[in-house]
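Notes for the structure review
What follows is the residue order along each chain.
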Amino acid sequence: MTGRSRGILIREAHFPGRAPIDAYGNGGFRFADMSHRGSILCLPSGIHGWEPADPAALTASDFERLLAEAADIEILLVGTGRELRPLGKDLRSAFKEVRISADPMSTGAAVRTYNVLLAEDRAVAAALIAVD
């Protein structure tokens, strides 16, 4: 390596494994002795930073990474923020097509339910919108 500085390397936020969510709020989440600011996807491949285009109106394009792992997911918990927001018809259809049961709920309820199902070693995933 030369003496030149390479600058800051910015990588996509990713934790390679399944871990319970220890805390949420203040715009982020704590898990696996780490913290992440912003929303997250908890998938069989790990926990990924997630930035839906419009958290109030989720679409199938917001879930491309999740849909790519659909074969390993039976249950999807969608934490929609402080309040429960129903999923749109097109999004529900996209999940049904790949045999994923999607349950929207507040982010707090989704975190608690995810942790229980994860402890039971269920084929669960979660899409969690950060709350302040």
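Use the structure listed above.
Residues numbered from 1 in each chain as written. Predicted model: local features only at pLDDT ≥ 70, side-chain atom pairs only at ≥ 80, totals over all residues. Heavy atoms only, no water.

A short note on helix 2 (residues 89-97)
- Taken together, the buried positions of helix 2 are occupied by Leu91, Ala94 and Phe95. The arc enclosing the buried residues of helix 2, seen along the axis, measures out at 95°, which places them on a common side. Exposed positions of helix 2 whose direction lies more than 90 degrees from the buried face are Lys89, Asp90, Lys96 and Glu97.
- On its buried face, helix 2 is in contact with helix 1 (64-68), strand 7 (75-79) and strand 8 (101-105).
- Arg99, located one to two residues past helix 2, shows a positive phi value of around 60°. (Buried < 20%, exposed > 50% of the residue type's maximum accessible area, 1.4 Å probe, protein only. Helix = DSSP H or I, 4+ residues; strand = E, 2+ residues; numbered from the N terminus. Arc of directions from axis to C-beta. Contact = heavy atoms within 4.5 Å.)

Brief notes about the side chain of His48
- With respect to the element layout, His48 can be found in strand 6 (residues 46-50).
- At 2.9 Å, the side chain of His48 and the side chain of Ser45 are in polar contact. (Polar contact = N/O pair within 3.5 Å; in protein donor to acceptor, adjacent residues only side chain to side chain.)

Details of the packing of aromatic side chains
- Inspection of every chain in the model, using the stated rule, returns two aromatic pairs.
- Consider the rings of Trp50 and Phe63, whose centres lie 5.3 Å apart with planes at 50°: the pair is tilted. Here Phe63 lies in the loop between strand 6 and helix 1 and Trp50 lies in strand 6, a separation of 13 residues in the sequence. The burial state of Trp50 is the same as that of Phe63; both residues are buried.
- Their ring planes at 85° and their centres at 5.1 Å tell us that Phe63 and Phe95 sit as a pair that is edge-to-face. (Phe/Tyr/Trp six-rings, centres within 6.5 Å; stacked < 30°, edge-to-face > 60°.)

Some points on the sheet that holds strand 3 (residues 28-31)
- The three strands lie next to each other as 2-3-4, forming an open sheet whose pairing is antiparallel. Every interior strand has two partners, whereas the edge strands, strand 2 (21-25) and strand 4 (34-37), have only one. Across the sheet, the axes of successive neighbouring strands diverge by a mean angle of 15°, strand direction being ignored.
- Examined bridge by bridge, strand 2 and strand 3 share four bridges and lie antiparallel to one another. In the sheet register, Ile21 faces strand 3, and the bridge partner there is Phe31.
- Packing against the sheet, helix 3 (residues 107-119) makes contact with strand 2 and strand 3, and its axis sits at approximately 180° to strand 2. (Pairing = 2+ DSSP bridges. Axes fitted to C-alpha atoms, helices over the stretch in contact; angles between N-to-C directions.)

As for the nonpolar core
- Membership of the largest hydrophobic core comes to 19 residues, with the highest contact counts inside it found for Ile21, Ile40, Cys42, Ile47, Leu77, Tyr114 and Leu128.
- When contributions to this core are tallied by element, the ones reaching two or more residues are strand 3, strand 5 (39-43), strand 7, helix 3 and strand 9 (124-128).
- Every residue in contact with Tyr114, bar those within four places of it in the chain, is listed here: Ala19, Ile21, Cys42, Leu77, Val124, Ala125 and Ala126.
- Ranked by size, the runner-up nonpolar core spans 17 residues in total, among them Trp50, Leu58, Ile73 and Ile129. (Core = buried A, V, L, I, M, F, W, Y, C linked by side-chain atoms within 4.5 Å.)

Here's the deal with the pairing of strand 6
- Burial of strand 6 is extensive: four of the five residues sit out of reach of the surface.
- As defined by bridge partners, strand 5 adjoins strand 6 across five bridges and the pair is classed as antiparallel. Among the inter-strand pairings, Leu43 is bridged to a residue of strand 6, identified as Gly46.
- Adjacent in sequence and paired antiparallel, strand 5 and strand 6 are bridged by two residues.

Considerations on unusual backbone geometry
- Phi at Ala32 takes a positive value of approximately 50°, unusual for a residue other than glycine.
- Relative to the helices and strands, Ala32 resides in the loop between strand 3 and strand 4.
- Of note, Asp33 is a non-glycine position whose phi angle comes to about 60°, a positive value.
- Following the sequence through the fold, Asp33 ends up in the loop between strand 3 and strand 4.

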